[in-house]
Amino acid sequence: MNCVPELGWRQPSKNMEYSESAEKALEMRKKAQSTRRKFLKTAGIAALATSTGGCAKSLQKNQGPGKRIMVAKFFDETNTFIPESHTLDMVKENAVYGNDMLNVKAMVHGIPGTSLDGFLDLAEMFDVELVGSISVKGDFRLMTEEVFDYVTGHILNTLDQYEVDGIYVSMHGAGVTAGHDDLEGDTLEIIRNKVGPDVPIVFTLDLHSTLTEKMARNADAVSIYRTYPHIDAYDVGYEVGAILMGTLLGNLKPVIALKHIPLLIGPPLNVVTADMPIKQVYDRARVMQRTIPGVLTCCPAQGFMQQDVPTAGAGVMVTVDGDRELAQKLADELGELMFSFRKDYWIDLPGAAETIRLAKQSEKPVAISDGGDNIGGGGAGDGTHLLREILKQNVDSAFVQIYDPESALKAYDAGKGATITLDVGGKSNPVYGPPVTITGEVTRVSKEGDDWHKAARIDVKELTILLNTKRIGPNDQTNVRGMGIYPENYQMTVCKGSFAFRPQYPESVYHYIMSATPGYVSADLSSFEWKRIKRPIYPLDDI
């Protein structure tokens, strides 16, 4: 992990060299994803056998069980330290119902293809009828109890209307509502009680999921992202779909085993799956899955550490064909291996002032992780700690994106060419710092219509600030480049994320610095008041 930059900053040229490099890297990733999908959809049973260790090798291409499968999505990663709630009205604004949810395409960390997409592409190869129920996604805030009742009620209504042979649920893991600490486990339990023990239920999770016994007890198979940043969301949906098809055909009887780990980890710590030492955990899981007969999935999960619930922590789930004892043995081994590195995940990160001092010394553009204001973990998006230091330390050039509807609308209404003074950011909560006063020129406002929200670009000498009326994370640069902003041409860019933005900010172009800023997603766990988490747990306790 490249946390400390090289010395000797050289001002990048404005000839778009860096821009072209970044665009080329992104295009290569998209092309690889597209090529893989085409292969999976056309290779038939060969691809299916590869995905599941040969579990369906006896099938013929494009033949299947002729079954009906219900598909649903209940997706949230809840930061219980955020004081606001996610209400039913908010859910209804973005919910997708029935078979319409089977036609929604999306991206994960800037990479096309969700787990649902992967599952649907796998299902296309078989003679199955898919029945969509409901698709709901939260926004990191604690969901009200109305939300849980509404979503699960809709799923039950679908099951009342259709007799199904199998079920797939796309989930995040780490979902919490006002009355349900284990959103996923409770949802799966409700579904299991409805359909009985003989209907196979499979589900997918994000790597930052809290794993529970209730999940393992009420489902037959699971696949969890193995990469962070997440570039394999599509693959896990495809994988669990293959297991479901093999189960419906009578070739498999999958079982799940769980190992809970008393460990809190997460971004911006040393947890990138390609970096040591956690890479050893994922390498071992991969070897288990590829070489041990009967093993279908081996899935470590890092948990979500800004969550005060009894089940919080990291974990491992292993799905095996029929052998629960083997599944438990492998889950225990992986869990013990992950826990053994607990002190290596926790690294010292620079505060805001030191972060900017380090970034000023880099020879390459620097992508700075605003760790406490990570929008992808529930951050408000309006933290000003790094912006204040950029101004204080007279940085040569920098780009900062801020969620501030009030200031964004003032600048938008003032229009291009206006000189304006604004107090920007720091309005959501005192932890994100007071607003910063700036005076600059409005050099661009967003276009109207399409998917664009109102936004304004303000240039303060060599500092560019993009003010948004929506929370926009750094995992996609569409809105940034649409405003004529090319981060690679700046000395430093503040990214309100942890690691997920890296596919958009490739290492060939940027250095990375992880900054220990305050906020709802802070890695300083002592800044939170813990009341319900099960103790002892590392690092709250020295175990």
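These figures come from a predicted structure and were not determined experimentally. (Residues numbered from 1 in each chain as written. Predicted model: local features only at pLDDT ≥ 70, side-chain atom pairs only at ≥ 80, totals over all residues. Heavy atoms only, no water.)

### Section: the packing of helix H9 (residues 278-291) against helix H10 (residues 324-340)
Stage number 1. Interaxial distance between H9 and H10 falls to 9 Å at its minimum, and their mutual angle equals 165°. As far as their axial angle goes, H10 and H9 are roughly antiparallel. Considering the relative orientation of H9 and H10, their crossing is right-handed. In this structure, H9 contributes Gln280, Val281, Arg284, Ala285 and Met288 to the contact, and H10 contributes Leu330, Glu333, Leu334, Leu337 and Met338.
Stage number 2. Among the residues forming the contact of H9 with H10, the class breakdown is 7 nonpolar, 1 polar and 2 charged. (Axes fitted to C-alpha atoms, helices over the stretch in contact; angles between N-to-C directions. Helix = DSSP H or I, 4+ residues; strand = E, 2+ residues; numbered from the N terminus. Parallel < 35°, antiparallel > 145°, perpendicular 65-115°, else oblique. Left-handed = near helix turned anticlockwise from the far one by under 90°. Contact = heavy atoms within 4.5 Å. Nonpolar A, V, L, I, M, F, W, Y, C, P; charged D, E, K, R; others polar.)

### Concerning the nonpolar core
Stage number 1. Ranked by size, the top nonpolar core spans 50 residues in total, and within it Leu263, Leu264, Val318 and Tyr345 carry the most contacts.
Stage number 2. Within the residue set of this core, elements represented by two or more residues are helix H8 (233-248), strand E11 (254-261), H9, strand E12 (295-301), strand E13 (314-321) and H10.
Stage number 3. No other element matches H10, which puts 7 residues into this core.
Stage number 4. Counting 36 residues, the second largest nonpolar core, distinct from the first, contains Val136, Val147, Val169 and Leu211. (Core = buried A, V, L, I, M, F, W, Y, C linked by side-chain atoms within 4.5 Å. Buried < 20%, exposed > 50% of the residue type's maximum accessible area, 1.4 Å probe, protein only.)

### Quick notes on unusual backbone geometry
Stage number 1. Cis geometry is found at the peptide bond from Tyr228 to Pro229, where omega equals 0°.
Stage number 2. Examined against the element boundaries, Pro229 turns out to sit in the loop between strand E10 (221-224) and H8.
Stage number 3. Following Tyr538, the chain continues into Pro539 via a peptide bond in cis, with omega recorded as 5°.
Stage number 4. Along the polypeptide, Pro539 turns up in the segment after strand E21 (511-515).

### So, a negative patch on the surface
Stage number 1. Judged by side-chain charge, Asp89, Glu93, Glu146 and Asp149 come together as a negatively charged surface patch.
Stage number 2. Put simply, the parts of the chain that give the negative patch at least two residues each are helix H3 (88-94) and helix H5 (145-161).
Stage number 3. Within the fold, Glu146 resides in helix H5.
Stage number 4. For Glu146, a relative accessible area of 51% translates into the label exposed. (Patch = residues over 30% accessible without salt bridge, like charges linked within 9 Å, V, L, I, M, F, W, Y side chains within 5 Å. Areas by Shrake-Rupley, 256 points an atom, 1.4 Å probe, with all protein chains shown as cover. Salt bridge = Lys/Arg side-chain N within 4 Å of Asp/Glu carboxyl O. Lys, Arg positive; Asp, Glu negative; His and termini not counted. Charge placed at Lys NZ, Arg CZ, Asp CG, Glu CD.)

### Brief notes about the sheet that holds strand E9 (residues 201-205)
Stage number 1. With mixed pairing, the 6 strands of this open sheet are ordered in space as E3-E6-E1-E8-E9-E10. Each edge of the open sheet carries a strand with a single partner, namely strand E3 (96-97) and E10.
Stage number 2. Against the sheet, helix H4 (residues 115-123) engages strand E1 (67-75), strand E6 (128-137), strand E8 (166-171) and E9, with an angle of about 175° to E6.
Stage number 3. Relative to E10, H8 is tilted by about 165°, and along the sheet it contacts E1, E6, E8, E9 and E10. (Pairing = 2+ DSSP bridges.)

### Describing the pairing of E11
Stage number 1. Burial analysis of E11 places 6 of its 8 residues in the buried class, which makes it a mostly covered element.
Stage number 2. Here 8 bridges tie E11 to E13, and the two strands are oriented antiparallel to one another. Residue pairing for E13: Leu258 is matched across the bridge by Met317.

### A closer look at the side chain of Ser135
Stage number 1. Its location among the elements puts Ser135 in strand E6.
Stage number 2. In this structure Ser135 touches Lys73, Asn94, Ala95, Val96 and Met101, once residues within four positions along its chain are discounted.

### Overview of the environment of Ile111
Stage number 1. With respect to the secondary-structure elements, Ile111 resides in strand E5 (residues 111-112).
Stage number 2. Ile111 sits 393 residues away from Gln504 along the chain, and the two C-alpha atoms are 9.4 Å apart.

### Looking at empty space enclosed by the protein
Stage number 1. In the structure shown here, the tally under the stated rule is 2 cavities of 30 Å³ or more.
Stage number 2. Along the wall of the largest cavity there are 15 residues; nearest its centre are Gln401, Ile472, Pro474, Val494 and Lys496.
Stage number 3. Put simply, the parts of the chain that give the lining of the largest cavity at least two residues each are strand E15 (398-403) and strand E20 (492-495).
Stage number 4. Residue contributions to the lining of the largest cavity peak at 4 residues, all from E15.
Stage number 5. Of the residues in the lining of the largest cavity, the class split is 9 nonpolar, 4 polar and 2 charged. (1 Å grid on protein atoms, 1.4 Å probe; cavity = no way out; pocket = protein on both sides within 12 Å on 5 of 7 lines; lining within 4 Å. Points joined across faces, edges and corners; volume = space filled by probe spheres on them.)

### A word on the sheet that holds strand E14 (residues 366-370)
Two orientations exist for strands paired in a sheet by backbone hydrogen bonds: parallel and antiparallel.
Stage number 1. Spatial ordering of the open sheet is given by E16-E17-E18-E19-E15-E20-E14-E21, a layout of 8 strands whose pairing is mixed. Every other strand in the sheet has two partners, leaving strand E16 (419-424) and E21 as the edge strands with one partner each. Direction aside, neighbouring strands of the sheet carry axes that sit 30° apart on average.
Stage number 2. Examined bridge by bridge, E15 and E20 share 3 bridges and lie parallel to one another. Residue Val400 lies in a different strand from E20, and its bridge partner there is Val494.

### Here's the deal with the pattern of salt bridges
Stage number 1. The tally for this structure, following the rule as stated, stands at 21 salt bridges.
Stage number 2. Where Asp139 meets Arg141, a salt bridge forms, and the shortest distance between an N and an O atom there is 2.4 Å.
Stage number 3. The network of salt bridges with common partners includes Asp404, Glu406, Lys410 and Lys427.

### Re the packing of aromatic side chains
Stage number 1. Counted under the stated rule, the structure contains 11 aromatic pairs.
Stage number 2. Seen from their ring centres, Phe81 and Trp530 are 5.0 Å apart, and the 80° between their planes marks the pair as edge-to-face. Taken together, the positions of Phe81 in the loop between E1 and strand E2 (85-86) and Trp530 in the segment after E21 put the pair 449 residues apart, joining distant regions of the chain. Across the pair, exposure class does not vary: Phe81 and Trp530 are buried alike.
Stage number 3. Connected via pairs of aromatic rings, a cluster forms that spans Phe501, Tyr505, Tyr510 and Tyr512. (Phe/Tyr/Trp six-rings, centres within 6.5 Å; stacked < 30°, edge-to-face > 60°.)

### Here's the deal with the pairing of E15
Stage number 1. Burial analysis of E15 places 5 of its 6 residues in the buried class, which makes it a mostly covered element.
Stage number 2. Sheet topology note: the E15/strand E19 (residues 463-468) ladder contains 6 bridges and is parallel. Each bridged residue has a counterpart across the sheet, and for Gln401 the counterpart in E19 is Leu466.

### Here's the deal with the side chain of Thr210
Stage number 1. Secondary-structure assignment places Thr210 in the loop between E9 and helix H7 (213-218).
Stage number 2. Owing to a relative accessible area of 4%, Thr210 belongs among the buried residues under this scheme.
Stage number 3. Within polar-contact distance, the side chain of Thr210 engages the side chain of Gln307 at 3.1 Å.
Stage number 4. If we ignore the near neighbours within four places in the chain, the residues touching Thr210 are Gly173, Ala174, Met215, Gly303, Phe304, Gln307, Thr311, Ala312 and Gly313. (Polar contact = N/O pair within 3.5 Å; in protein donor to acceptor, adjacent residues only side chain to side chain.)

### Describing the environment of Gly484
Stage number 1. With respect to the element layout, Gly484 can be found in the loop between helix H15 (478-482) and E20.
Stage number 2. Taking the relative accessible area as the measure of exposure, Gly484 reaches 22% and is therefore partly exposed.
Stage number 3. Once the C-alpha coordinates of Gly484 and Thr443 are considered, the two residues, 41 residues apart in sequence, prove to be 9.5 Å apart.
Stage number 4. If we skip the residues at most four places from it in the chain, Gly484 touches Arg444 and Arg457.

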